[in-house]
Structure formats: structure tokens, C-alpha cells
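# Results of the structural survey
Okay, here's what each chain looks like letter by letter:
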Amino acid sequence: MHPSVRTISQRLSLRSPQRESLEILDTVFSSTGLPKESPSLAKALDVIREHYPTVEDFERGFPSLCFSLATGVGKTRLMGAFITYLHIAHGIRNFFVLAPNLTIYEKLITDFTPNTPKYVFKGIAEFATDTPWLITGDNYEEYRGQGDLYGRVEINIFNIAKLNRETKEITKDTKEITAGAPRIRRLRETLGESYFDYLKSLPDLVLLMDESHRYRADAGARALNELDPLIGLELTATPFLDRATGPVWFKNVIYDYPLASAIEDGFVKDPAVATQVDFNAKDFSDDELERIKLEDGIRLHEETKIELDTYARQTGRKRVKPFMLVIARDTTHAAALKALIESEPFFQGAYAGKVLQVDSSTKKKEEDTVERLLQVESPDEPTEIVIHVNMLKEGWDVNNLFTIVPLRAANARTLIEQTVGRGLRLPYGHRTGVEAVDRLTIVAHDKFQEIIEEANKPDSPVRIKTRIIEKPREYKKPVQVISKPGLEAKLFGEAEGTSTKSGTPKTSEPIFKTNSEKRAGQKALELLRKQEHLPSVNYLDKPEVTKDLAKKLEESLTPMQLELEGVKEKVDYTKILKQAAKALQENTIEIPRITVIPKGDTSTGFHPFEVDTSGLDFQPVERDLLLQYLNDNRQSTVASDTQMQLIERRPEDYIVRQLIDFDDVSYDEQADFLYDLAGQVVEHFKKKLSDDDLLNVLRYHERAIAKNIHSQMQPHFWEKSAGSETKVLKGWMALKDCPFNAEEGSEALDFRVSPAQKSNIRRYVYTGFSKCLYPFQKFDSDAERRFAEILEGSHGAEKWFKPASGQFSVYYRIGSQSERSYEPDFVVETSECKYLVEVKREDQTNNEEVLAKAEAGAAFCEQATAHAATVGATPWAYLLIPDTVIQSNMSLVGLAEKYSHEASNLDGGK
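The following paragraphs examine the structure supplied in this document.

The rules behind these values
- Residues numbered from 1 in each chain as written.
- Predicted model: local features only at pLDDT ≥ 70, side-chain atom pairs only at ≥ 80, totals over all residues.
- Heavy atoms only, no water.
- Pairing = 2+ DSSP bridges.
- Helix = DSSP H or I, 4+ residues; strand = E, 2+ residues; numbered from the N terminus.
- Axes fitted to C-alpha atoms, helices over the stretch in contact; angles between N-to-C directions.
- Contact = heavy atoms within 4.5 Å.
- Buried < 20%, exposed > 50% of the residue type's maximum accessible area, 1.4 Å probe, protein only.
- Polar contact = N/O pair within 3.5 Å; in protein donor to acceptor, adjacent residues only side chain to side chain.
- Core = buried A, V, L, I, M, F, W, Y, C linked by side-chain atoms within 4.5 Å.
- Salt bridge = Lys/Arg side-chain N within 4 Å of Asp/Glu carboxyl O.
- Arc of directions from axis to C-beta.
- Phe/Tyr/Trp six-rings, centres within 6.5 Å; stacked < 30°, edge-to-face > 60°.
- Lys NZ or Arg CZ within 6 Å of the ring centre and 35° of its normal.
- Parallel < 35°, antiparallel > 145°, perpendicular 65-115°, else oblique.
- Left-handed = near helix turned anticlockwise from the far one by under 90°.
- Nonpolar A, V, L, I, M, F, W, Y, C, P; charged D, E, K, R; others polar.

### Here's the deal with the sheet that holds strand E15 (residues 323-327)
- The 8 strands are arranged E16-E17-E15-E18-E19-E14-E23-E24 in an open sheet whose pairing can be described as mixed. In this open sheet, the two strands that pair with only one neighbour each are strand E16 (355-358) and strand E24 (635-638). Going across the sheet, the axis of each strand differs from the next one's by a mean of 25°, ignoring polarity.
- Of the strands in this sheet, E15, E16 and strand E17 (385-388) touch helix H13 (residues 331-341), which is tilted by about 175° from E16.

Pasting the structure below:
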């Protein structure tokens, strides 16, 4: 693999499917000899098929490979990675990026322009100073070969219409309208040829086709064949052509990452379909059904809006403004829907001026329609509802679409394949754990059952394919493996754990050999493990400790010895204790149990503030909404009626009763403050709702309202105390047993051997360690196994282990959520330092939860280091290591120098 592949993957933070695509391109170029060699089309196909048999034919007059990636995974960023790799690794400077329509064309220009939010080369040092020359379908006529003059990369971005659409012109004299060749094909005196011919003459031209299924028609295909690039790289989420007889799949797909995989891996939102509980569409006319769907779409939209606002306040992340997409039958229908939604009777005119109609009629009337559409992600842009007919089938790159209301007749499969793809992108680039924020909902009362049945078919694009076992394998009974610390085997010569087939490690001569020694040694070890209150495990061999424990040991064994007085073996209890203590010290890593507690009297509360009610626009509801997820059939309900029978004395009580459920809120001490906040919200709704509607909103949405208020309370929290102190509850902790499941009769594997299927690594049990404190271990990823190889190497650790559940008392918090316990992946000790180590997939190292765990782990290490200084022990450090850097040639010290993580808030990391 060319070294640039790893570097580019890291700099651009490529997701796993993007990284795999880049690795495939590297294999193609290394196997075919491109660009230095120019093999014939047939020879190039044969070479590629040796590595990738799915490529049956290039289907064009030049080598062309299709990378099929689900919508939302990041095809534009992958194009940037392709260009970077081809330039750095192979010196290619000329690229032609093709867009299928105006929307995608303008989006691509923006994404390839420096200093824009989604700039595709951000982090690429080679392009920081020598920025690629950007040539578009609008400025190419002024091009003067500037890229050649400065030796810079040239990126041409064109709409396909520029290549194959005839131009219409009016002659000056006769005023006749005549058709002519596309401008790009006309002779230009500055070049001495047409721009098309200039591109065609470039020996290293690489063609990148966004939404490549749009360039299979005769005219487009002929134009591209005539361009004759070095290679074509096609990117699409739909690698097939729709035909009356069914889909015609591409024959040049070299990599396929379907939507189901993207959903399962958490790269996109979870798709769900919604209807009302106990709803029968046949009971309503078409107009009534349409209005109900719109109103329920608004309910979901408002719920999502408040959840997004709450999440942003809790986490300090950017605010995301959601919008709802309505699919109309035609332009007349779209205009009528816009008028209805903006009218006063529809939710008291709350959406007047917030609706954008996008279709062929508005395109002619409003020049800024596309611009408004591209700005719909901005929190400052007012649009909350977009109505369209058929202009937004693809290329609409937004991440804040959460609700879709289809009002145009379509079958269930079309609704899934074409509609869902428009709103799958995640606003924060990763799942948040908040259901409404991670969900895309289709409101389809009349198609609910059809969509569910279609989604459950084996060939459904949203079904999680990995749950379908194509080839049943032999059933093996699961058994539990208990991996005990290796200490007992060294003391008594016993097997450390329940072995799998031939998996029991070999043990050396035990320390205790006779029955009397073993009996005394077992009791001595039991007594030693109860001494966790000592400041350090090294205190176990202090004379005063040994003397006291030796006496207890003798007393505990005396009755048994008296029974055998005549044949009793003489046992030196002090010697037994010292031997057991030494073995325990050598076969453990000293982990203190630490907590941070306030000093003196502590009081807490919240300062008064004005509630921000701008995001609280809930509307009255009549029925619960039922949502069913399309990928795994989970169900949830919006506007639960669990509180509907509890009638409160005054409106504020609905909110207050939810606020007092939060752990940091005390009704007795903060009642006036809570009622002030609730009163502000009630006054906000009173300005827009009748008394009955006000109670309806409070009853249905009290929990969401209280959650939003509570998130606004956090910046106003205060705490008064005499300070805080770190308290060591235990100086060290005995290692726990590690239970895990395995298959009966299976063999424990050598940890140095990578599994045939890395995705199944959690099934295997590994052994063969010399420095691990446990004989058996399991790994969650192959990166963890590779890290174990580093630890076992000559530049690794003195001892290490993967902690059992409950071994640590480390807690982390996200926003105002309650604390959660955290177990790091590895605990490692060297002569200089002890480490807590977390191994993470590279694209997850900036994940909010991962960083919260890292903060907590680093805070623990700071506290443990302070304690270690008092007992003469080594310091602690926390390492957060991306999986891509874990290679056999790495040393633990080298990784520690680069990937250590320090706590920014010691008290907050408890």
C-alpha cells in the first residue's frame, strides 16, 4: 500500500467505507501500472478482475470503475481523497469532475473552493499553498492555462449539459434561431482548439462522475467516450438503471457499500415510518387525509426542533434548525399546499414566510430559489418547510431534514429508495443517542403497512443485511470461559481458567507444592486480597503487616492442624505470606480506587434567568403517533398518553412535576424558581393558544418542555463549598475474574494470528501471552489484537491486561445526563509509567462520548498520579489511540508520546 493512503485517510478523517475505496484505487493503480503504462482495455479489465471479480465490464470506451456508496456516507469527500492520492502518489494533475444537474454542479464548486465549510482538501498540506486551479463551466472561456504555468493541479467542474446539449442562438441579421454545437466544443483562438479538444489531449486526465447513473444515456455516454480519459471513477448510491422490466445493474461496480450497512454502522439516520395509533385511512377523504398528514408532520417537526435545541444546549454544540419536506403531485398542487400551510387557519399562521416551494414554476419566477435551498441548513435562514415535485431526487446535500410528508402517489419501494435518501445525513456527523435527532421519519398514514412490508423484504435497501444468515454454519453450544488472573497458577500450579479445546496455557513449577503449603497459601492469598485499604500493594511485605497477617493465618488454620497433630507438616506461616505477597505484587497492576468529594458544607442551586422560548412551538394533538423503524422494526410513540389522566390544579404544575424528576433539582429549596421558569413558558403559549389547547400542549409535551428548560438551567448552576479533595478509598484493587462466552469445543487462538474474518473477532478466545496477567483474553476489534502484539513485544509493556467489568470506579458524563461507569480497553504498566488505553476506530476519536470517556480517564490518571507520588509508585497516563496507527513496528512509548490525553477539568472528570 502506498504510504499516502494512510496519511490521506488520517488527514481527511475518512470513514471506513471511504478508506476502503481509497485502498481499492491504490490496488488498481499498483496492479495495472497506470499512469506510466497504458494497457489495452481488455488487458486492464483482466488485471482488475483478478483482484475484483465483480467488475465484469467497464461499460465505456475507457477503464471506468464504479464505487457504490450509500447516500450520506460522503461521496464528495471521497472524490477529494481520490484526487489527493492520484496527485501525491502518481503525479496526476488534471481532473474532470462531472455533475448531473445545476444543484449538484453548484454544490461541487462550493465544496472544492477553499475556506468553505465542507472544503474537500481541508488538512491536506500539499494543497495548502499550491491550491488546485478550479475551472468551471462558467469560467473556462477565460482560462489561459494558468495551471500549467505554476505546475498546479487543475480541477474542471462541469455540468453534463455543457458537454452534450446543443446551444440555441439568434442571428443578428435574420433573427433566426439556429442550433449549434456546445460552446465547449467550439474553436477558441486563445488555445488554437476547442476546450473539449484541449481536455481530450491531456494524457493524465482523470474523470470523476458524481451520480454516475445519470451518464449512461446515449448522448452523455458518447461524449465521455470521446473525451477518452486515463480512467473514470464513478460514484453513485444507485448502481443500476430503472427499466420497465426491472433494474439493470452496472457491471463495473468495484466496491459496494449499501444503505443498510450505513444504517447499521451509524453513518446515517435511522429511517422510520409514522402513522396514528388505531388509524384507518379509508375513514377520511383525500383532502382530509392530506391535511392530517401535514398536521402530524408538523407535530414531529416541532418535537425534533425542541430535541435539537435541547441537545445543543446540553452539549454546547452548534444549533441545528430542522425542516420538513413535503412532496407534491405537481406544480399546481405545490402552490396550493404552500398557500394552505402559510394561511392563518393552519396552526394560527405559525409558518407564514417559512415555506419554500421548489419546482419548475418557481425556478422560472425566483432566481434565488436554488440559493435559498442551499442555505436551508443555516439556523438564520427562515425556511422550515420545503415543498417540491420532482426537482430534488439527488444531490441535495443537507443534514437537517428530519421529516418527510409524501403527498404524491408512489409505491412503497419508491418511497423507500428515493424519498429516504434525501434526509439521511447526520447533522453532527455521528449518532447522538437522542432518538429524535438520529431519526428520519416518513409520515405515511395511507402507506404505513405497505412500507413496513417492503422494508422487511430481503432485498430492501434499508434492511440490515448482516442479520440474514446466508449460509447456516454448524451449531456449537455456547459455554462460559472464566479467565482467572495468572497468579493462582504460579502459586499452586492450577489451571487459571476453564479452557477451550487445547487452550490451557502451560504452567511452570508452582511456588507451593505440598498439600499443607497449598492450603496455607490459599488462605494467605485470601487474607492478602482483603488488604486493599493499604496505600499500596507494596505495603504487603512490610514487617508489621506480615506479622499481623501471619498470626491471623495461623489462627485460621490451627483447628485443622490439631486434627492431624500426629502427622502434621510444619508450616512457616511468615514465609508463606511473604511468598504469596511477592507473587501478588509481581502479578498485579496497582489500581487505586479514587473519588472526588467536596470539603465542608456544600450548597447548590440555580441563578434566575429568562427562558428562551423561541424553539417552543408545540401544537395541540388529537392522537398518539406510532413510529416504526424500517431497518429493525423497533416501534416508538410520540406524545405518550401516560400522563393524560393527571389533571393539575394550574398549568405550571405540568412542567414543574417533570422538572423535579431531575437529580440536580430540589423542589423544597427551589420551588419559587421552578414556578418562575414554568410561568414564563406558560405565558409564551398563552399568547398563541386557547385555554383548552394550552392544557393539551402541556399534557402531551410536558416532558420535552421540562427537558429543554433543564438544559437551559445548566449554565446558571452554582455550587458553594469549601473546595474539593481527592480521596483514596482503596490503595489498590485485587484483579477480578474475567468471564466471557465461547463455543464448546473451539480452540483458543494464538493472539499473533489475525482472524480470517476480522468482523467476527469477538467470537474468538485468544491465548499465548507472556506479559498479560490473564491467560485468556477477548478482543473487540483486530486493532485491539494488534495492540496486544505491541504490548507483548520487546518495546512494549512489563505487564498488561484488559479489565473485567467493575474493575474500575471511573465515571463520565455527557451534558446534564447522569453519570455512567467506564472501563478502558487496556491497563498497561512499564518501568516508567502506568497507562489506561482506549483503542478507537479513527473516525470515532472525536465522538462526543469517546471524548467524555477520555476526559474521565485522564482525570483518573491525574488523581492516581498524585496518589502514586505519596507511596513512591510510577505515574499514570491516558492514551486514546486511533486504530489506523496500530502497526507491528510501533512501540508503546512512541504511541504514548503522540496519543496521550490530558484532562481539562479534573473535578469534572470524576
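### A short note on the side chain of Gln 585
- Along the chain, Gln 585 falls in helix H21 (residues 573-586).
- On the basis of relative accessibility, which here comes to 14%, the residue Gln 585 falls in the buried class.
- Separated by 3.2 Å, the side chain of Gln 585 and the backbone oxygen of Val 537 make a polar contact.
- Of the polar contacts made by the side chain of Gln 585, one reaches the side chain of Asp 541; its length is 3.5 Å.
- Not counting chain neighbours up to four residues away, the residues in contact with Gln 585 comprise Val 537, Asn 538, Leu 540, Asp 541 and Lys 799.

### Side note on the nonpolar core
- Ranked by internal contacts, the top residues of the largest apolar core, which has 85 residues, are Phe 112 and Ile 254.
- If you tally residues by element for this core, the top one is helix H4 (residues 75-90), at 8 residues.
- Discounting chain neighbours no more than four positions away, the residues touching Ile 254 are Ile 24, Val 28, Ile 48, Tyr 52, Thr 54, Val 55, Leu 65, Cys 66 and Phe 67.
- Grouped together as the second largest cluster of nonpolar side chains are 61 residues, Ile 591, Val 827, Ala 856 and Cys 861 included.

### Brief notes about the pattern of salt bridges
- Within this structure, the stated rule accounts for 43 salt bridges.
- One salt bridge connects Glu 307 with Lys 707, and the closest N-O pair in it is separated by 3.2 Å. In this pair, Glu 307 is assigned in helix H12 (residues 286-315) and Lys 707 in helix H24 (residues 691-713), connecting sequence segments 400 residues apart.
- A relative accessible area of 26% places Lys 707 in the partly exposed class.
- Here Lys 354 makes a salt bridge to Glu 384, at a shortest N to O gap of 3.4 Å. Of this pair, Lys 354 sits in the loop between H13 and E16 while Glu 384 sits in the loop between helix H15 (369-374) and E17, and the two are 30 residues apart along the sequence.

### Focus on unusual backbone geometry
- Residue Pro 35 is reached from Leu 34 by a cis peptide bond, and omega for that bond is 0°.
- Relative to the elements of secondary structure, Pro 35 occurs in the loop between helix H2 (16-32) and helix H3 (41-51).
- If you check the backbone angles, Phe 347 has positive phi at about 50° while not being a glycine.
- Inspection of the secondary structure assignment puts Phe 347 in the loop between H13 and E16.
- Judged by its relative accessible area of 12%, Phe 347 falls in the buried class.

### Describing helix H27 (residues 892-899)
- Within H27 the residues assigned to the buried category are Leu 892, Leu 895, Ala 896 and Tyr 899. With its buried residues spanning 100° around the axis, H27 presents them on a single face. Turned more than 90 degrees from where H27 packs its buried face, Glu 897 and Lys 898 sit exposed.

### Some details on the sheet that holds strand E33 (residues 826-829)
- Read from one edge of the open sheet, 4 strands run E30-E33-E34-E35, paired in mixed fashion. Pairing within the sheet leaves two strands with one partner each, and these edge strands are strand E30 (799-801) and strand E35 (876-882). Taken over all neighbouring pairs, the strand axes of this sheet differ in orientation by 20° on average, direction set aside.
- Strand direction decides the pairing type here: E30 and E33, joined by 3 bridges, are antiparallel. Within the sheet, the bridge partner assigned to Trp 800 lies in E33 and is Val 828.
- Across the sheet, helix H26 (residues 848-871) touches strand E34 (834-840) and E35, and the angle it forms with E35 is around 155°.

### Digging into the packing of aromatic side chains
- Applying the stated criterion across every chain yields a total of 28 aromatic pairs.
- With 5.3 Å between their ring centres and 10° between their planes, Phe 96 and Phe 158 make a pair best called stacked. Within this pair, whereas Phe 96 is found in strand E2 (residues 94-99), its partner Phe 158 is found in strand E4 (residues 154-159), the two being separated by 62 residues in sequence. The pair formed by Phe 96 and Phe 158 is uniform in burial state, with each residue classed as buried.
- Considering the side-chain rings of Tyr 257 and Phe 267, the 6.3 Å spacing of their centres and the 45° angle between planes classify their relative orientation as tilted. Note that Tyr 257 is positioned in strand E13 (residues 253-257) and Phe 267 in the loop between helix H11 (259-264) and strand E14 (270-276), a separation of 10 residues in sequence. The two residues Tyr 257 and Phe 267 agree in class, both being buried.
- Over the face of the ring belonging to Tyr 675 we find Arg 650, whose NZ or CZ atom lies 4.1 Å from the ring centre.
- Sitting over the ring of Phe 826, Lys 802 keeps its end group 4.6 Å from the ring centre.

### Description of the packing of H2 against H3
- Running from N to C, H2 and H3 cross one another at 130°; their axes reach a closest spacing of 10 Å. Between H2 and H3, the angle is such that the two are oblique. Crossing of H2 over H3 shows right-handed handedness. Contact residues: H2 offers Thr 27, Val 28, Ser 31 and Thr 32, while H3 offers Ala 44, Val 47, Ile 48 and His 51.
- Residues belonging to the contact of H2 with H3 are distributed by class as follows: 4 nonpolar, 4 polar and no charged.

### Here we look at the pairing of E14
- Burial of E14 is extensive: 7 of the 7 residues sit out of reach of the surface.
- Side chains of E14 alternate between two faces, with Asp 270, Ala 272, Ala 274 and Gln 276 and Pro 271, Val 273 and Thr 275 buried alike.
- The pairing of E14 with strand E19 (residues 439-443) spans 5 bridges and is parallel. Across the sheet, residue Pro 271 finds its bridge partner in E19, namely Leu 440.
- Bridge count between E14 and strand E23 (residues 625-629): 5 bridges; the pairing is antiparallel. Bridged to Ala 272 within E23 is Tyr 629.

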